[in-house]
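# Report on the structure
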Amino acid sequence: MSSDEDTGPNDYCLIDATRPPKADGPPYAECVLCREPTEYPESYKGITFCPVCEWQEAQRTACSG
(Lines give C-alpha, C1' and ligand atoms only; values in the text may rest on other atoms or scores of the structure.)
Protein backbone atom coordinates (compact mmCIF):
# COMPACT_ATOMS: atom_id res chain seq x y z
CA MET A 1 0.00 0.00 0.00
CA SER A 2 1.20 3.50 -0.72
CA SER A 3 1.06 6.16 1.96
CA ASP A 4 -0.34 9.24 0.23
CA GLU A 5 -0.76 12.23 2.52
CA ASP A 6 -4.16 13.18 1.07
CA THR A 7 -5.87 9.86 1.78
CA GLY A 8 -7.62 8.91 4.98
CA PRO A 9 -9.15 5.78 6.46
CA ASN A 10 -12.40 6.25 4.50
CA ASP A 11 -10.84 6.77 1.06
CA TYR A 12 -11.32 3.17 -0.05
CA CYS A 13 -14.56 3.89 -1.94
CA LEU A 14 -13.89 5.02 -5.50
CA ILE A 15 -17.26 6.68 -6.16
CA ASP A 16 -16.97 10.27 -7.36
CA ALA A 17 -18.30 12.33 -4.46
CA THR A 18 -18.02 15.84 -5.84
CA ARG A 19 -20.38 18.32 -4.18
CA PRO A 20 -21.78 21.63 -5.37
CA PRO A 21 -20.45 24.81 -3.74
CA LYS A 22 -22.14 25.97 -0.51
CA ALA A 23 -24.41 29.02 -0.81
CA ASP A 24 -23.46 32.21 1.02
CA GLY A 25 -27.14 32.99 1.64
CA PRO A 26 -30.62 32.80 0.12
CA PRO A 27 -31.96 31.87 -2.37
CA TYR A 28 -31.25 28.19 -1.81
CA ALA A 29 -31.87 25.37 -4.27
CA GLU A 30 -34.72 22.93 -3.54
CA CYS A 31 -34.01 19.31 -2.68
CA VAL A 32 -34.93 17.14 -5.66
CA LEU A 33 -36.56 14.55 -3.37
CA CYS A 34 -38.47 16.47 -0.68
CA ARG A 35 -38.35 20.08 -2.01
CA GLU A 36 -36.88 21.41 1.27
CA PRO A 37 -34.17 24.12 1.03
CA THR A 38 -30.64 22.83 0.58
CA GLU A 39 -27.24 24.25 1.52
CA TYR A 40 -26.54 25.01 -2.14
CA PRO A 41 -27.22 28.11 -4.25
CA GLU A 42 -30.34 28.22 -6.41
CA SER A 43 -28.11 28.97 -9.41
CA TYR A 44 -26.42 25.53 -9.17
CA LYS A 45 -27.30 23.29 -12.11
CA GLY A 46 -27.57 19.65 -11.15
CA ILE A 47 -28.95 17.36 -8.47
CA THR A 48 -29.16 18.92 -5.01
CA PHE A 49 -30.27 17.25 -1.78
CA CYS A 50 -31.20 18.72 1.60
CA PRO A 51 -28.99 17.50 4.48
CA VAL A 52 -31.47 14.76 5.47
CA CYS A 53 -31.92 13.37 1.95
CA GLU A 54 -28.17 13.69 1.30
CA TRP A 55 -27.47 11.55 4.39
CA GLN A 56 -30.08 8.96 3.36
CA GLU A 57 -28.71 8.83 -0.20
CA ALA A 58 -25.18 8.38 1.14
CA GLN A 59 -26.33 5.46 3.30
CA ARG A 60 -28.19 3.91 0.36
CA THR A 61 -25.23 4.11 -2.02
CA ALA A 62 -22.40 3.48 0.46
CA CYS A 63 -19.75 0.91 -0.37
CA SER A 64 -20.43 -2.25 1.57
CA GLY A 65 -16.84 -3.41 1.66
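Overview of the structure. (Residues numbered from 1 in each chain as written. Predicted model: local features only at pLDDT ≥ 70, side-chain atom pairs only at ≥ 80, totals over all residues. Heavy atoms only, no water.)

### Digging into the environment of Ser43
- Inspection of the secondary structure assignment puts Ser43 in the loop between strand S2 (37–41) and helix H1 (51–61).
- By relative accessible area, which is 59% here, Ser43 ends up exposed. (Helix = DSSP H or I, 4+ residues; strand = E, 2+ residues; numbered from the N terminus. Buried < 20%, exposed > 50% of the residue type's maximum accessible area, 1.4 Å probe, protein only.)

### Quick look at the pattern of salt bridges
- Within this structure, the stated rule accounts for two salt bridges.
- A salt bridge links Glu30 to Arg35; its shortest N-O distance comes to 3.2 Å.
- We classify Arg35 as exposed; its relative accessible area is 60%.
- The partner of Glu57 in a salt bridge is Arg60, with the nearest N and O atoms 2.7 Å apart. Placement of the pair is Glu57 and Arg60 together in helix H1, with a separation of three residues, close to one helical turn. (Salt bridge = Lys/Arg side-chain N within 4 Å of Asp/Glu carboxyl O.)

### Considerations on the state of the cysteines
- Counted by the stated rule, this structure contains zero disulfides.
- We note that Cys34 lacks a disulfide partner, and the nearest cysteine sulfur, in Cys50, lies 3.6 Å from it.
- Residue classification places Cys34 among the partly exposed residues on the basis of a relative accessible area of 33%.
- Here Cys53 stays unpaired: no disulfide links it, and the sulfur of Cys50, its closest cysteine neighbor, is 3.7 Å away.
- Taking the relative accessible area as the measure of exposure, Cys53 reaches 9% and is therefore buried. (Disulfide = S-S within 2.5 Å.)

### Structural notes on unusual backbone geometry
- Of note, Arg35 is a non-glycine position whose phi angle comes to about 70°, a positive value.
- One can find Arg35 in the loop between strand S1 (28–30) and S2.

### Remarks on the side chain of Thr38
- Checked against the element boundaries, Thr38 lands in strand S2.
- Residue classification places Thr38 among the buried positions, given a relative accessible area of 5%.
- Within the structure, the side chain of Thr38 is placed 3.1 Å from the backbone nitrogen of Tyr40, a separation counted as a polar contact.
- Not counting residues up to four positions away in its chain, the partners in contact with Thr38 are Tyr28, Ala29, Glu30, Cys31, Thr48, Phe49 and Cys50. (Polar contact = N/O pair within 3.5 Å; in protein donor to acceptor, adjacent residues only side chain to side chain. Contact = heavy atoms within 4.5 Å.)

### Quick look at a nonpolar patch on the surface
- Together, Val32, Leu33 and Ile47 make up a nonpolar patch on the protein surface, roughly 310 Å² of accessible area in all.
- Here Leu33 is to be found in the loop between S1 and S2. (Patch = residues over 30% accessible without salt bridge, like charges linked within 9 Å, V, L, I, M, F, W, Y side chains within 5 Å. Areas by Shrake-Rupley, 256 points an atom, 1.4 Å probe, with all protein chains shown as cover.)

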